[in-house]
Amino acid sequence: MAFTCGTGKHRRTSRVHSTTTTTAVGVAALTTTGVIGTLAAPAFAAEASVEQTGLTQTVTLNDTVADQIDAQAFAQLRAADEAAARKRAEQTARKQAAEQAQELRETKERAAREAERKRLNTFVMPITGSYVSTGYQASSSLWSSGSHTGVDFHAASGTSVHAVGSGTVVTAGWGGAYGNQVVIKMHDGTYTMYGHLSSIGVSVGQTVTPGQQIALSGDTGNTTGPHLHFEARTTAEYGSDMDPVAYLRSHGVNV
């Protein structure tokens, strides 16, 4: 009997040692992977009782600990999902902002182009605030043709003379009876002429826009006093004249 009891004690001591070693290894492994962390202490609080009873125990997690681990894993997944959702939302917002900015730029560019198109197609008076002092085709011995080939706009010498519309200068210089003159080929293929100028501010080949100053009025050439002689023509040459007032009115100018 004494021999049998000795053998039993020896086995119990061996199992306790094995259990302790196994438990320690399990705790280390769970702690290393980060699954348990601070839960290790409560999970293995009964370690001392194992040594006292000598029973072999497998490392297990009760329902509370398992629920806590599940909750932690779920929280981590949810946080990752929320972060991904925020990133997608930020990317979408940046894309929408870029698209809106591009659309705004395109809208402004279209508006600017339309405004420029309208401006270039606009016609104005050659002398701001002036009036016709001598009408078209008025008869007089003053003109070699026997009639007036344009209209005269009242203007003191040195008054600003404007291009009535968009075009390109084809003549800029002395024009005989017209004195200093400027002839412009308009964007629609017609021509306008400005005569008796005291000075010229443009050169041949230069493009002009509506309302741009091209000269100053005067009384050079065959004239009885300072004014602006204005003609509308089908060509650049003398003799192709048409009614200047009707021409301006057809382009929206109130004469």
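Just so you know, these numbers come straight off a predicted model, no measurement behind them.

Visitor: What's the story with the overall build of the protein in this structure? I'm lost.
Guide: For the protein, the count of helices and strands is five helices and ten strands. Residues classed as buried in the protein amount to 28% of the 255 residues present. For the protein, contacts bridging at least 24 residues in sequence account for 60% of all contacts bridging at least 6. Within the structure as shown, the protein displays about 15200 Å² of accessible surface, and the carbon and sulfur contribution to it stands at 56%.

Visitor: Just checking my understanding: could you explain a negative patch on the surface for this structure?
Guide: Negative charge collects at one region of the surface, where Glu-99, Glu-103, Glu-106 and Glu-109 lie side by side. With respect to the element layout, Glu-99 can be found in helix H4 (residues 63–121). Exposure remark for Glu-99: the relative accessible area of 45% places this residue in the partly exposed category.

Visitor: Where do I start with the nonpolar core in this structure?
Guide: The nonpolar side chains of soluble globular proteins are, as a tendency, buried together. Among the nonpolar cores identified, the biggest contains 26 residues, and Phe-153, Val-161, Val-182, Ile-184, Tyr-194 and Ile-214 are the most heavily contacted of them. Among the elements of the structure, strand E2 (151–154), strand E5 (180–186), strand E6 (191–200), strand E8 (213–217), strand E9 (227–233) and helix H5 (244–250) are those that each provide at least two residues to this core. Other than its neighbours up to four places away in sequence, Val-161 contacts Pro-126, Ile-127, Tyr-194, Leu-197, Gln-212, Gln-213, Ile-214, Ala-215, Leu-216, Ser-217 and Leu-228.

Visitor: Is there a simple way to think about the pattern of salt bridges in this case?
Guide: Between side chains of opposite charge, a pair can form as their charged atoms come close. In the structure shown here, the tally under the stated rule is three salt bridges. Among the ionic pairs, Arg-117 bridges to Glu-114, the shortest N-O distance being 2.6 Å. Residue Arg-117 and its partner Glu-114 are both found in helix H4; the two are separated by three residues, about one turn of the helix. For Arg-233, the salt bridge identified is with Glu-231, shortest N-O distance 2.9 Å. Of the two residues, Arg-233 and Glu-231, both sit in the buried class.

Visitor: Explanation requested: unusual backbone geometry in the structure shown.
Guide: Both trends apply: most residues other than glycine have a negative phi, and most peptide bonds are in trans. Even without being a glycine, Gln-137 presents a positive backbone phi close to 65 degrees. When you line up the elements, Gln-137 lands in the loop between strand E1 (132–134) and E2. With a phi close to 65 degrees, His-196 is a non-glycine residue in the positive phi region.

Visitor: Explanation requested: the confidence of the model for the protein in the structure shown.
Guide: Atom-level detail of predicted coordinates should not be read off regions where pLDDT is low. Mean pLDDT for the protein: 81, with 74% of residues reaching 70 or above. Residue range residues 1–51 is modelled with pLDDT below 50. Its contacts to residues more than four positions away, or to other chains, number 32 contacts.

Visitor: How should I be thinking about the packing of aromatic side chains in this particular structure?
Guide: Any pair of aromatic rings gets described here by the distance separating the centres and the angle formed by the planes. All chains considered together, the criterion is met by four aromatic pairs. Seen in terms of ring centroids, Tyr-178 and Tyr-238 are 6.4 Å apart; in terms of plane orientation they differ by 55 degrees. Their pairing is tilted. Note that Tyr-178 is positioned in the loop between strand E4 (167–174) and E5 and Tyr-238 in the loop between E9 and strand E10 (241–242), a separation of 60 residues in sequence.

Visitor: Looking at this model, I keep getting lost on the pairing of E8. Mind explaining?
Guide: Remember that side chains alternate between the two faces of the sheet whenever the strand is regular. Sheet analysis places strand E3 (residues 160–162) next to E8, joined by three bridges and oriented antiparallel. For Val-161, the partnering residue across the bridge sits in E8 and is Ala-215. Relative to E8, E6 is paired through three bridges, and the arrangement is antiparallel. When the bridges of E8 are listed, Leu-197 appears paired with Ser-217.

Visitor: What is the right way to read the environment of His-251 from this model?
Guide: By secondary structure assignment, the location of His-251 is in the segment after H5. In this structure His-251 comes out as partly exposed when scored by relative accessible area, which is 24%. For the pair His-251 and Phe-123, spaced 128 residues apart in sequence, the C-alpha to C-alpha distance is 5.9 Å. Aside from chain neighbours lying at most four places away, what touches His-251 is Phe-123 and Asp-188. Within the structure, the side chain of His-251 is placed 3.2 Å from the side chain of Ser-250, a separation counted as a polar contact.

Cut-offs and rules
Residues numbered from 1 in each chain as written. Predicted model: local features only at pLDDT ≥ 70, side-chain atom pairs only at ≥ 80, totals over all residues. Heavy atoms only, no water. Helix = DSSP H or I, 4+ residues; strand = E, 2+ residues; numbered from the N terminus. Buried < 20%, exposed > 50% of the residue type's maximum accessible area, 1.4 Å probe, protein only. Contact = heavy atoms within 4.5 Å. Areas by Shrake-Rupley, 256 points an atom, 1.4 Å probe, with all protein chains shown as cover. Patch = residues over 30% accessible without salt bridge, like charges linked within 9 Å, V, L, I, M, F, W, Y side chains within 5 Å. Salt bridge = Lys/Arg side-chain N within 4 Å of Asp/Glu carboxyl O. Lys, Arg positive; Asp, Glu negative; His and termini not counted. Charge placed at Lys NZ, Arg CZ, Asp CG, Glu CD. Core = buried A, V, L, I, M, F, W, Y, C linked by side-chain atoms within 4.5 Å. pLDDT = per-residue confidence, 0-100. Phe/Tyr/Trp six-rings, centres within 6.5 Å; stacked < 30°, edge-to-face > 60°. Pairing = 2+ DSSP bridges. Polar contact = N/O pair within 3.5 Å; in protein donor to acceptor, adjacent residues only side chain to side chain.

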